[in-house]
Amino acid sequence: MELELEGADLKAVLNRLRRAQGQISGVIRMIEEGRDCEEVVMQLAAASRALDRAGFAIIATGLQQCVVDMESGRKNGEDTAQMRARLEKLFLSLA
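What this report covers is the structure whose coordinates are included nearby. Source: prediction; values computed, not measured. (Residues numbered from 1 in each chain as written. Predicted model: local features only at pLDDT ≥ 70, side-chain atom pairs only at ≥ 80, totals over all residues. Heavy atoms only, no water.)

Next up on the list: the overall build of the chain. When its secondary structure is counted, the chain shows three helices and zero strands. Every one of the 95 residues in the chain was classed for burial, and the buried ones make up 23%. If you take every contact in the chain between residues at least 6 apart in sequence, the share linking residues at least 24 apart comes to 65%. Surface summary for the chain: the accessible area is close to 6,900 Å², and the carbon and sulfur share equals 55%. (Helix = DSSP H or I, 4+ residues; strand = E, 2+ residues; numbered from the N terminus. Buried < 20%, exposed > 50% of the residue type's maximum accessible area, 1.4 Å probe, protein only. Contact = heavy atoms within 4.5 Å. Areas by Shrake-Rupley, 256 points an atom, 1.4 Å probe, with all protein chains shown as cover.)

The following block contains the structure:
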């Protein structure tokens, strides 16, 4: 299954990933500067949430595409159980 992000979906995912990238750079800088542990952890948690949200957006797009593929009969030889197992694995990878 190829991921096809377009338009607003693509922009939203890229924005979330860029936000996480900036937050991670901030965490690195904070550690190098010897900043307060609580501040570092808070910034790290924000980066983690941004990555999670980007991952969920990608999975949601993937689910939508799977439904379309199933409806059109283009499953590349993959049955419903196999597709479900792959999608479940994706969800659990973000848990």
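There's more to say after this.
Attention now moves to the side chain of Q23. Residue placement: Q23 occurs in helix α1 (residues 7-32). Classification of Q23 by relative accessible area gives buried; the value is 13%. The residues touching Q23, leaving out its near neighbours within four places in the chain, are Q43, A46, A47 and A50.

Tracing the backbone shows A20 in helix α1. Linking A20 and Q43, residues 23 residues apart in sequence, is a C-alpha distance of 9.7 Å.

The terminal C-alpha atoms of α1, which comprises 26 residues, lie 38 Å apart, in line with the 38 Å expected from a rise of 1.5 Å per residue. Of the positions making up α1, those classed as buried are V13, A20, Q23, G26, V27 and M30. Residue G34 follows α1 closely and has a positive phi angle near 70 degrees. (Expected span 1.5 Å × (residues − 1).)

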